[in-house]
Each structure stands twice: as C-alpha cells, then as structure tokens.
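Inside the fold
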Amino acid sequence: MIDFSQVRLLAFDADDTLWDCQNHFDRAEEEYAGILESYRSEGQPAPREALFEVESRNMPLLGYGCKAFAISLIENAIEYSRHRISASEMARIIELGKVLLNLPATPLEGVEDTLRELHHLHRYWLVVFTKGEILDQENKLRRSGLLPYFDDVVIVSDKTPESYQKLCARHGVGLEEMLMIGNSFKSDVAPVLQLGGNAIYIPFDAVWQHEVVDEYDHSRLCRVDKFADILAYLK
C-alpha cells in the first residue's frame, strides 16, 4: 500500500467525485440532439459531435461549467440549423441549460460518511478544489450539505500545474504533502503527479469527452473503486 503518511492537505474534486454531474449533462445532450436531429443534412456530423466542437472552440473564452455549456448549446443550435431553429425549440434548449444549474448535487454513496470520519480525525486540511463557474459550484456545494466538512473551498477556471502550486502555497504545504482525490485522470491526477504530489483516482461511470486521456501507473498514485475506499489509505 502507498504510504501517504506525509500528507497534510486533502484536496477533493467536486463534480463526479462528491456528487453526480456528468450523467445530468449527458441526459441534457441526448434531448438536445433530439431537437436538432431534424435539421441534420447529409454529410453533417451528429448534433453531439458538432456541439463538442463548439464547446472546445469556446473553452479558452468561456471556460467550464453550466453557463459556458448553455452558450455553446445555443451557438451550435443556430449554426447547426443554419439559423432555421424555431423560437420554441430555442426556448427548450435554454431551459436545458437552466435545469443543469439546479442539479441536486446529492452526495454519492459513501461520500458524506467518509468526509465526516476524515473531518473528525483532525489530521488533515480538507479542501474542495474544483474548476468551473464560481456561483454554480458554490451553489452545488451548498445544496450537497457537505460544506461543514471542509476547511476551505477553492474554485479555479482550470486545474493547471500553476493552480496546484498556488493551492499548496495558500495552505503552507509542500507539493509532496498534498493528496488530490478525484475522478478525472487529466485534471485531478496527471498535473499533480507531474509536480511531485500524490493522487487517489476514483473513476466515475460517465466521462466527459474533453477529460479522456491515456492513463498510467505511478508510485504516488492509487486507484480505488469507491469513495469510502480512500479511508484505507488515510486512517
């Protein structure tokens, strides 16, 4: 078993680590694709493929989160339909985006009990470290009921190596004293290992296309199947 005895800071991803998020987006995309399918012409990509192209194009300007997603839904619908989409269909697309701003953020199995136990250990700083739109992420954390278990919440536009360095500096720990826990190998694992930190990877059953990368083993990385399994490494 990997030795995490030097760890002082536990950083937790939010979406699809603490609560389900991607499945809600997938369902919204399925309905969205159904709306646009009637506008599809020969040789045109499927609506969801076209949407991802627009999302990728918008990321440098809009970043991540529901609001960026909603803007991309609208932009792609106009382009995909060649400006023929009806007002009623556009209203439904806008509503799809708004629904995502109110997703329940119900904690996944074992999350609350595990966080409670770690909180009562008084051994670590527990921090939510997530990317996205600030108000949206704050609201999900509030709705989840998990906020009392955390000592800090840090929301960034993207999880870059620099953002991890700033997180450690904020709490006065070295990179080797930080452990990142999350579901995205691209965002939660690879940058941390690159810097000399530690990671626990908890794959989720749904993955956003943008987060798909090749995975690998590492001496400072462990993979678990369930959130509660992290206790075996931290108690």
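Scroll up for the structure.
These numbers come from a predicted model, not from an experiment.

Conventions adopted
Residues numbered from 1 in each chain as written. Predicted model: local features only at pLDDT ≥ 70, side-chain atom pairs only at ≥ 80, totals over all residues. Heavy atoms only, no water. Disulfide = S-S within 2.5 Å. Buried < 20%, exposed > 50% of the residue type's maximum accessible area, 1.4 Å probe, protein only. Helix = DSSP H or I, 4+ residues; strand = E, 2+ residues; numbered from the N terminus. Lys, Arg positive; Asp, Glu negative; His and termini not counted. Salt bridge = Lys/Arg side-chain N within 4 Å of Asp/Glu carboxyl O. Contact = heavy atoms within 4.5 Å. Core = buried A, V, L, I, M, F, W, Y, C linked by side-chain atoms within 4.5 Å. Phe/Tyr/Trp six-rings, centres within 6.5 Å; stacked < 30°, edge-to-face > 60°. Pairing = 2+ DSSP bridges. Axes fitted to C-alpha atoms, helices over the stretch in contact; angles between N-to-C directions.

**What about the state of the cysteines?**
Scanning the model with the defined rule gives zero disulfides in all. In this model Cys21 remains outside any disulfide bridge; the closest cysteine sulfur is found in Cys66, 6.1 Å from its own. Relative accessible area serves as the criterion here: at 5%, Cys21 is assigned to the buried category. Take Cys168: it sits in no disulfide, and the sulfur closest to it among the cysteines is that of Cys222, at 17 Å.

**Remarks on the side chain of Glu55**
Here Glu55 lies in helix 2 (residues 47-62). Buried and without a salt bridge, Glu55 has Arg48 as its closest oppositely charged side chain, separated by 8.2 Å. Other than its neighbours up to four places away in sequence, Glu55 contacts Glu29, Phe69, Ser72 and Trp208.

**Things to note about the nonpolar core**
Grouped together as the largest cluster of nonpolar side chains are 48 residues, with contacts concentrated most on Phe12, Leu18, Leu115 and Ile230. Not counting chain neighbours up to four residues away, the residues in contact with Phe12 comprise Leu18, Leu115, Leu118, Leu126, Val127, Val128, Phe129, Phe150, Met180, Ile181, Phe227 and Ile230. If you look at the next biggest cluster of nonpolar residues, it comprises 14 residues, including Val154, Cys168, Val173 and Met180.

**Topic: the packing of aromatic side chains**
A full pass over the atoms with the stated rule returns seven aromatic pairs. With centroids separated by 5.8 Å and ring planes inclined at 70 degrees, the aromatic side chains of Phe12 and Phe150 adopt a geometry described as edge-to-face. Of the two residues, Phe12 sits in strand 1 (residues 9-12) while Phe150 sits in the loop between helix 6 (134-144) and strand 3 (152-156), which places them 138 residues apart along the sequence. Exposure class is identical for Phe12 and Phe150. Each is buried. Pairwise contacts between aromatic rings join Phe12, Phe150 and Phe227 into one cluster.

**Quick look at the pairing of strand 1**
Here strand 1 shows two buried faces, one formed by Leu9 and Ala11 and the other by Leu10 and Phe12. Pairing of strand 1 with strand 2 (residues 125-131) involves four bridges; the strand directions are parallel. In the sheet register, Leu10 faces strand 2, and the bridge partner there is Leu126. For strand 1 and strand 4 (residues 178-182), the ladder comprises four bridges, and the chain directions are parallel. Note that in strand 4 the partner of Leu10 across the bridge is Leu179.

**Considering the sheet that holds strand 6 (residues 221-223)**
The strand order 3-2-1-4-5-6 describes an open sheet built from six strands, whose pairing is parallel. Both edges of this open sheet fall to strand 3 and strand 6, since each of them pairs with a single strand only. With strand direction ignored, the average angle separating the axes of adjacent strands in the sheet is 20 degrees. In the sheet, strand 4 pairs with strand 5 (residues 198-201) via four bridges, with the strands oriented parallel.

**Comments concerning the pattern of salt bridges**
Applying the stated criterion across every chain yields a total of 20 salt bridges. Glu29 is paired through a salt bridge with Arg48; the nearest N and O atoms lie 2.9 Å apart. Of this pair, Glu29 sits in helix 1 (residues 22-36) while Arg48 sits in helix 2; the two residues are 19 residues apart in sequence, bridging distant segments of the chain. The buried category is assigned to Glu29, whose relative accessible area is 8%. In this structure Arg48 comes out as partly exposed when scored by relative accessible area, which is 30%. Of the charged contacts, one joins Arg40 and Glu37 as a salt bridge, the two residues approaching to 3.6 Å between their closest N and O atoms. Three or more residues joined by partner-sharing salt bridges are found here, namely Asp13, Lys159 and Asp188.

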